[in-house]
Structures are given as structure tokens and as C-alpha cells.
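Per-entry structural report
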Amino acid sequence: MKQDFAFTKLMKKVSLYLLLIVIISSCNSVKRVPEKSQLLKSVSIEVDGKKNKDLELYDYVFQKPNSKLLGIPIALHFYNLGNPNSPKTPKEWAKIHPKKYAFFKSLFSEKQSIGVAKSYINFNNWFFKNGEAPVIIDDIKTSRSVKNLSAYFKINGYFKSTVTAQKDTLKNKKGRITYKITKGRPLLLDTISIDIPSEVLRTIYLKDSTTYLKTGDQYNEDNFRKEAKRIIKLFRNSGIYNFLETYIEFRDVDSIPKNYKTNVITTIAKNYFEDINRKTPKPFKVYKIGKVNVYTDYIHTQENKPYLDSVSYQGIDFFAHDKVRYNPTYLSQSIFIKPNQVYSDTLRNLTRSHLKSLNNFKTINIRFTPMKDTTLLVADIRLTPTEKYTIGTDTELTHSNIRKLGVAGKFSLTNRNTFRGAELFKFSFAGSFFNTSTQPGSASGFFNAWEIGANLSLELPRFFAPFGLHRLVPKEMSPRTTFTLGTGIQKNIGLDKQTFNGGINYSWQFNRKKSINLELFNTQIIRNLNTKEYFRIYNSEYEKLIPIAQNYNNYPLTKENAASFIKAVNSNTNFQNTNPNDYNTNANVNNRYNIITSNFIIPTIAYTFTYNSQTNYKDNNFSFFRIRLANAGNFVSLLSNQRNSNGVKTISNTQIAQYVKTDIEYKQFWDITRNSVLGFRSLLGVVLSYGKSDVPFTKSYFAGGSNDIRAWKTYELGPGSTPTGLEYNVGNFKFLTSLEYRFDIISNLKGALFIDAGNIWELTNSRFIEDKAKLNSLSSLKNIAIGSGFGARYDFNFLILRFDIGFKTYEPYLLNNRWFQNFSFNSAVYNIGINYPF
């Protein structure tokens, strides 16, 4: 009966949504379509009689139907809410609405009445600005689309292809366009040959056998473009610094022969002569770098001002109007253009990218000038420095499951070229005030909690390491060394935590897609300043002790003495024998108490490898992979012989965290249509302690939250099939996967449909941990929770504000039917976040 009732509730909601869709779809989509015109309802492409599935072809069609959400052109309906015949000025609005204008004028001044009229006008224009105008079938644009598609197939080798467009008139001022394409027989490449009069160019060309033009391949204009780029790169990286694309010509001996095979001759600089009358071929020469000049404080308006200081280092001359403020030893490490070196475009671009990555220069200009009567070039590198000191401030509103509402501020100071080696020294101070109570405005004030912190960092654009280890990573990989030091303190947040952290990070870019980060001597010290508040904050833990206290000779349990009570019970072997269940429950509470309240020293060594194939922020077809391997306490524990009562190694009575941790994350994105993207994310993590140490709470895994399984709040889910109700739940094994479909709705408003699945578990043999919380075998995977939902995102260009609603779809902790039992808005979790969840 309960299952039937839940199913009935679900069907009622589905019916309500369907009814809403029907109402929206019943809106008049042709409201703004002129008479004798047609709204473009659909566009289809048929290739050789079959419906086309290649989305790329639709990019060559000028007109596409209005975008739709669940089959409904919502943006079009939104546009239609506006009135195109409404007044455009306050004066016109007053004439059309004289009574309204007179009424506002009687209440307000003339200026304010004009402002009211403008607000009406702007509100009407808002629909046009954020909506989508109806796409009216335009025969001229249809004809241009036919030409576009015809050109597309010709550049892909189908020179005899034909393209036609068929317009069908539908009911209610609507129409559709069908483009019908017959490809025909493709043209193939036959004999490939070269014609290079210049001996210098021919010698360089023959050194590289790579080519994009191969006998038997289908004619494809894109391969010819790639081949031209390859040839240009080959010559310009071999000293021919003035080689141009116009010097290259591909000639087809037979355009479309009967056998549909064509010969191709690659001609290079054949018609470029030094003396046109004598037909003397233009001599190409291999140029080398003669001099390298670096102007370290270049300003265009002071270009003619004399340079009063200069320094030479390894053949590179550094100049400054006042004083050379960059150490040539270090700045030269970002300059890959050297004297006596053959000119190379690649080294020129590498120099520019390295200098840009220093974040010390506003502009970087590199010019090459031939030295008279020689084959030498002068390289002039002009650098315009960024301001040495930069001050930044930032404020924001914050919200989370724990911090109901708050304000945060940050002050930062950046000092560039701190030690004359293009270093970046940064200091930041941040503070926030927020409300953590369920009743804002309590006696302690609306903002009853605060947090402050300060951080120092020094980034060196090179490896800082002893014994010549810096030579292990080539400078072409942009090696970086970052020193960090920071501290923070909280008040009325949990147990009022204080932290100290410091470390050294080494990072380098293996290539455009792969990067590596190595964390050495990264140490964090965590101190809990208010552990006596534990059972007040985590009330569910206290409630577990109440029946145990009754069985423990009616112990007068209070939240103040609960900590001493659990320790007393934990050491009472008689109680363990007489009340084993209560003893195990108490041991479980004691274990969680120790995890939360313990102070830790966490010295970490970690290695992170990242692969990212995304070319730019607009690229929606890419993959991402990251793996992080971390070890805590391995070396530092060797320096200490101290141990606490539990046998854990300590320093100054603070236990040393000892664990190994692995995190693996994979993401993949696909362009589905021109305005929709499908994203997939999967994450696997495991952390295991050793040396009798506990895993610190901050290094454990949790499930739930706006970037996790969105149908549960942060820390609410797991471990395993453990019922919810505790203030926090953590584990040492985590699996998470998400699938999200993102699409445009109106203007900058985006939508999303998503499914999240995952959970956390305990990897342990401890008898104090419930079996339902453990990952015992593959059968434990039945406890993977599933959440689904939808969301809206608004793109502000500089950030994305996100609102997601997650519904509990499969709840592993339920005893009977686990599907759709709390699939409702009342049980849903409402998530607010910044940017995408993954």
C-alpha cells in the first residue's frame, strides 16, 4: 500500500508537469509572424536519401528553428510577450496612456513621471532583449544555405555533388525546409610531387617526410590547409624567417578526370624572382640570430628616450631607461632566443609565452630586423612592466548548510619582481562574519560567528632545489616553485578550529595538455579550541549515550560530562561483557569523538598528474583526468619517538597523522546541439591510515552538497546504508558519478537536468563500525545512492550563479522499497552554488 501511495503521488506530479507543458505549448508561437510569412518549424538535411546525423552540416545552414526546451520554444514565447507596436519614448507613452500618465503626474513630479514611463518601455523591451525573435523563412537565406552546403561538399572532394532545398508549407503560418544532397563520386589524390626551384628550400623540405597529402586519400581541402601550415612551420623553424603562405601553391594537373583521381604538384616560391626580367629566382637564405636586445622598461611614448643602464649576460644585452631591475641570470631563463642560433618561430613563441607567464609584464613585443649585408638578425624584445605593487579588495555574501548567511571580505597585496628574479610575493588577509544558528537575531546577535585568516606566498618562475635537481625539468616546461605560509582561526564554528599551514610546491607543464604538481614538506597543524562543545553541536551523538547511561547504573549524564563518560565506558571491561551492544555503540561514539576533537600535525608529500584536452573556455568537446597520490606522516614520524596513550606518534603531545590517500577524477563533455552540452564526471577516492593513527576529519570523505550528490546536504549521506540523522557522516572510501545535460533557455539563463550517484563507505575490520557502513564486497555497491533533479544557471560572464533542486531517487538506507519514497519538493534539497558543479 505504501509503495502504491508513493507511486500515485509521483504520477500526480508528473501529470501536473505535463499539464503545465501543454499550457505553455498552447501559447501562440506565430503571434509575431507577419501575414504571408512562415515561421520556420524545422530544418532537416538528407544526404543520398538518408537523414543526416552529422551536426556539423547544420552549421552551414543560415536559418535554424527557434531553440526549444522539451519541445517548446520558450524563448520565442517569451519574446512574444513583448509588444513591438508599443511606444518607444515617454512622450509617445503619455499620448497612448493619458490617464495613467496624468495619474502618475498628480502623485510625482514631471521628471519622476517620465521615469515611470521609461520603466514601462524598458520592461517591454526586456522581453525582446532576452527572448528570441521568430525565425521567418527567408528564401534568400535558404539559397545562401544551398551554396554553403554545396561548397562544403566540394571542399571535401565531392565536386559533382548537387544540393537542393524544398520548402513545405504547414498549417498556421508555419513551414519547414529540407535540404537534399546527392554527394556523387569523391575525388581521390593520385601522384604527389614537388616543384621547388630554390636549392635552400628544397634541401630543408626533403629533410621532413611528414605530409598531409597522401596518394589514395580522398580530396579534402582541410588537409591542404594543414599541409600549408606544416610547410610554413618547417621553413620558419629552419631559419627562413621571412617565408610567407603566399609562396605556396597546390596545382591540380587534372581538375576532375574520368577516373576521379587527380595529381597534385606542391610548388614553393616558383614565381618569386630577384630580377623579373632575367627570371632569376629569389635567393632564400638561412638566417641566424646575431644579437638579442631586451628592453626591460619599454614604454612606447618614451621610445626615443636614451637607455642609461645596460647589462650583458650569455650574449644577451639587457637595457633600461633608468636601471635594469631584473636579474639577467633569471630573466634569461625565459628567453629561448640566443645568439648564433638558427631563427625559429617556435622559440619565438615559446619566449613570448614564458615571459607572459611571469605575470610581470603588461605587453611583450618581439621584433626581428636583418643586419645589413648579412644573414644575421637582431632580436629586439620590448617588455612593458606591470605595476610593482598591486592592492586588491573583495567582498561577497556567503551561504552554506552550516553558514546560513554571511559577509566576507578579503584584502591582498602583490609585490612583483621581489628579489629581481620576476618572483611574485603575495600577502592576503580574509575575514568573514556569518550566522550559524537556526534562529537569526539571537542574543548573540545576527552574526554570531566569525573567521579570519592570513596567507603569505612566494612564487619563483623556476625550480628552487639543491644538488642540481632543477635540471631534471627543462625550462621549456615552465617550472614553478611556490612557498606558502598561512594561519586561520574560527569562532563559534564547530569546535573553533585554529590552523597553521606551510609548504613547498613544485609544478610544471609537461605539454599543452599535461601538467604535474609535486607537494613537498606541506604541513598543516590543526587545533580544536572548544572541544567541550562537541555534544552540544553534535546532539545526535549525545542522544545515543542516553540509554547507555541508564544501563550504566543510571549515570547522571549531561552534555558537559559526556566526554568523560564515553572514556569511562570504553575502559570498563565488565560493562563490555555484560552489555556488548551498548559498549560497541559507545565505542563508535568515542571513535567519532576522537576523529573530530583530536589535534593533528599533517605533514604531506603528494604527486598530482592532470590531463586536460580543452583548448579554450568555449570548447565543449574535451576530456579531463586527474590523479593525486598523497602520503602523510611517513618521514616526519621518523623524527619523533613520542607516543600517546593509544600508541600514536606525537610531537609536543599532538599526534602525527599517518595515512595514504588516492583520488582519481575523470570528466568528459560532448556538444549535443549548438546550444546544449552533455557532461559526465566520475570520482574515486580512498584514504587508509597506518601506524595506529586516525584519519583527520578534514582528510576524510563526505557525500552530499551542491557540488556532490545534490539530493543530500553536505555530510548527510552514508556511510553505506547507515540511516541519516547524524550531523556529519564521513568515510575513507568514496565513489561518485554524475551525468548532466546543460541547455540554453532564454538569453543568459541556462537550464540543466542531472543524475548523481555515489556514496561513502568505511574500509575497516573494526567491530565498532556497523557492517552497513562497511565496503565488504561488490554487494555493498547496492548502497549507492541516486539523486536526480533539475537546475537553472545565470551566466554573468565573469561567474555563473547556480540553483539546483535535487530529489532523492534511490535511498540505500530505507528498509523496504528504496525507490522514489521521498521524491518530492518537500524532501528535495535546494542548492545554491557558484559556477558549474564539475
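Residues numbered from 1 in each chain as written. Predicted model: local features only at pLDDT ≥ 70, side-chain atom pairs only at ≥ 80, totals over all residues. Heavy atoms only, no water.

1. Describing the side chain of Gln63
Under the convention used in this document: A helix here means a DSSP run of H or I that spans at least four residues, while a strand means a run of E at least two residues long, and both kinds are numbered starting from the N terminus. Think of it in three bands: with a 1.4 Å probe and only protein chains considered, a residue is buried below 20% of the maximum accessible area for its type, exposed above 50%, and partly exposed in between. Pairs of N or O atoms are called polar contacts if they sit within 3.5 Å, as long as, within protein, a hydrogen donor faces a hydrogen acceptor (for residues adjacent in sequence, only side-chain-to-side-chain pairs). We call two residues in contact whenever any of their non-hydrogen atoms come within 4.5 Å of each other.
Along the chain, Gln63 falls in the loop between strand 2 (50-51) and helix 2 (74-80). On the basis of relative accessible area, Gln63 is assigned to the buried category, the value being 10%. At 2.5 Å, the side chain of Gln63 and the backbone oxygen of Ile136 are in polar contact. Within the structure, Gln63 has its side chain in polar contact with the backbone nitrogen of Asp138 (distance 2.9 Å). Those residues within four positions of Gln63 in sequence are excluded, and the remaining contacts are Leu40, Val43, Val135, Ile136, Ile137, Asp138, Lys141, Thr142 and Ser145.

2. Considerations on the sheet that holds strand 3 (residues 162-170)
Note the cut-off: Paired strands, in this sense, are two strands between which DSSP finds at least two bridges.
The 4 strands are arranged 2-1-4-3 in an open sheet whose pairing can be described as mixed. Bordering the open sheet on either side are strand 2 and strand 3, each of which pairs with just one other strand.

3. Topic: the pairing of strand 19 (residues 480-491)
Relative to strand 19, strand 18 (residues 449-460) is paired through 11 bridges, and the arrangement is antiparallel. Of the residues in strand 19, the one forming a bridge with Leu458 is Phe483. Pairing analysis gives 10 bridges linking strand 19 to strand 20 (residues 497-509), with the strands arranged antiparallel. Considered in strand 20, the bridge of Gly488 is made with Thr499. Where strand 19 folds back on strand 20, the antiparallel hairpin that results is connected by 5 residues, among which Asn492 adopts a positive phi of roughly 65 degrees.

4. Some thoughts on helix 6 (residues 139-155)
For clarity, the threshold we go by: Any helix carries an expected span of 1.5 Å times its number of residues minus one. The directions considered for the arc run from the helix axis to the C-beta atoms.
For helix 6, spanning 17 residues, the distance from its first C-alpha to its last is 25 Å, which sits close to the expected 24 Å at 1.5 Å a residue. Within the sequence span of helix 6, burial applies to Thr142, Ser145, Val146, Leu149, Ser150, Tyr152 and Phe153. Seen along its axis, helix 6 keeps its buried residues to an arc of 155 degrees; they face one direction. Pointing more than 90 degrees away from the buried face of helix 6 are the exposed residues Ile140 and Lys147. Against the buried residues of helix 6 lie strand 1 (39-47), strand 3 and strand 4 (174-182). Near the N-terminus of helix 6, the side chain that reaches the backbone nitrogen of Ile140, with its oxygen 2.9 Å away, is that of Asp138. Where helix 6 ends, the next residue or the one after it, Gly157, has phi of about 100 degrees, a positive value.

5. A closer look at the confidence of the model for the chain
Filter applied, for reference: Every residue carries a pLDDT, the predictor's confidence in it, which falls somewhere between 0 and 100.
On average, residues of the chain score 88 in pLDDT, and 93% of them are at 70 or above. When pLDDT is averaged over each element of the chain, strand 10 (residues 288-295) comes out on top at 97 and helix 1 (residues 2-25) at the bottom at 48. Here residues 21-26 scores under 50 on pLDDT; set against residues more than four positions off or in separate chains, the count is 5 contacts.

6. Examining the layout of surface pockets
The line we're drawing: Cavities and pockets are defined on a 1 Å grid built over the protein atoms alone: a cavity is a set of grid points where a 1.4 Å probe fits but cannot escape, while a pocket is an open set with protein on both sides within 12 Å along at least five of seven lines, and lining residues are those with an atom within 4 Å of any such point. Grid points are joined across faces, edges and corners, and a volume is the space filled by probe spheres set on the points. Residues are grouped as follows: Ala, Val, Leu, Ile, Met, Phe, Trp, Tyr, Cys and Pro are nonpolar; Asp, Glu, Lys and Arg are charged; all remaining types, including Gly, are polar.
Here the second largest pocket defines a volume of roughly 1200 Å³. For the second largest pocket, the lining is made up of 39 residues, of which Asn591, Asn594, Ile595, Asn646 and Asp694 are closest to its centre. It is helix 15 (residues 580-597) that contributes the most residues to the lining of the second largest pocket, 7 residues altogether. A class-by-class count of the residues in the lining of the second largest pocket yields 11 nonpolar, 22 polar and 6 charged.

7. So, the side chain of Arg592
With respect to the element layout, Arg592 can be found in helix 15. Apart from the residues lying within four places of it in its own chain, the contact partners of Arg592 are Tyr534, Glu541, Leu726, Tyr728 and Asn729.

8. A short note on the environment of Asn242
With respect to the secondary-structure elements, Asn242 resides in the loop between helix 8 (221-236) and strand 6 (248-252). Its relative accessible area of 29% is what places Asn242 among the partly exposed residues. In this structure, the C-alpha to C-alpha distance between Asn242 and Tyr538, residues 296 residues apart in sequence, is 73 Å.

9. Let's talk about the packing of helix 13 (residues 562-570) against helix 15
Rules: For every element, the axis is a line fit to its C-alpha atoms; helices are fit only across the contacting stretch, and the angle between N-to-C directions ranges from 0 to 180 degrees. Should an angle fall under 35 degrees it is taken as roughly parallel, and over 145 as roughly antiparallel, whereas 65 to 115 is taken as roughly perpendicular and any remaining angle as oblique. The hand of a helix crossing depends on one turn: near helix anticlockwise from the far one by less than a right angle means left-handed, and clockwise means right-handed.
For the pair helix 13 and helix 15, interaxial distance at closest approach is 9 Å and the crossing angle is 130 degrees. Here helix 13 is positioned oblique relative to helix 15, judged by the angle of their axes. Crossing of helix 13 against helix 15: the hand is left-handed. On helix 15, the residues that touch Ala563, Phe565, Ile566, Lys567, Val569 and Asn570 of helix 13 are Tyr583, Asn586, Ala587, Val589, Asn590 and Tyr593. Classifying every residue of the contact of helix 13 with helix 15 gives 8 nonpolar, 3 polar and 1 charged.

10. Re helix 7 (residues 199-206)
Owing to its 3.6 residues per turn, the α-helix aligns residues three or four sequence positions apart on the same side. Leu201, Ile204 and Tyr205 are the residues of helix 7 that are buried. An end-on view of helix 7 places all buried positions within 100 degrees of arc, on one side of the element. In helix 7, the exposed positions angled more than 90 degrees off the buried face are occupied by Glu199 and Leu206.

11. As for the packing of aromatic side chains
Each pair of aromatic rings is reported with the distance of its centres and the angle of its planes. Keep this limit in mind: Aromatic pairs are defined between Phe, Tyr and Trp rings, using the six-membered ring for Trp, whenever the two ring centres lie within 6.5 Å; interplanar angles under 30 degrees are classed as stacked, those over 60 as edge-to-face, and all others as tilted. Over a ring means this: the NZ of a Lys or the CZ of an Arg is within 6 Å of the ring centre and within 35 degrees of the ring normal.
With the rule as written, the count across this model stands at 54 aromatic pairs. Taken together, the ring pairs in this structure connect Tyr534, Phe535, Tyr538, Tyr593, Phe697, Phe702, Tyr715 and Tyr728 into an aromatic cluster. The ring of Phe62 carries the charged tip of Arg144 above its face, separated from the ring centre by 4.0 Å. For the cation-ring pair, Lys661 lies above Tyr701, with the distance from its terminal atom to the ring centre recorded as 4.8 Å.

12. What to know about the pattern of salt bridges
For side chains of opposite charge, pairing can occur when their charged atoms come near one another. Rules: Any Lys or Arg side-chain nitrogen found within 4 Å of a carboxyl oxygen on Asp or Glu counts as a salt bridge.
Within this structure, the stated rule accounts for 33 salt bridges. Residue Glu387 is joined to Lys362 by a salt bridge in which the shortest nitrogen-to-oxygen separation is 3.1 Å. Of the two residues, Glu387 is situated in the loop between strand 14 (376-385) and strand 15 (389-398) and Lys362 in strand 13 (residues 361-370); the sequence distance between them amounts to 25 residues. A relative accessible area of 43% means that Glu387 is categorised as partly exposed. Here Asp744 and Lys750 are joined by a salt bridge, their closest N and O atoms 3.3 Å apart. Judged by its relative accessible area of 19%, Lys750 falls in the buried class. Linked through salt bridges whose partners overlap, the residues forming this network are Arg710, Glu740, Arg742, Asp756, Arg793, Arg802 and Asp804.

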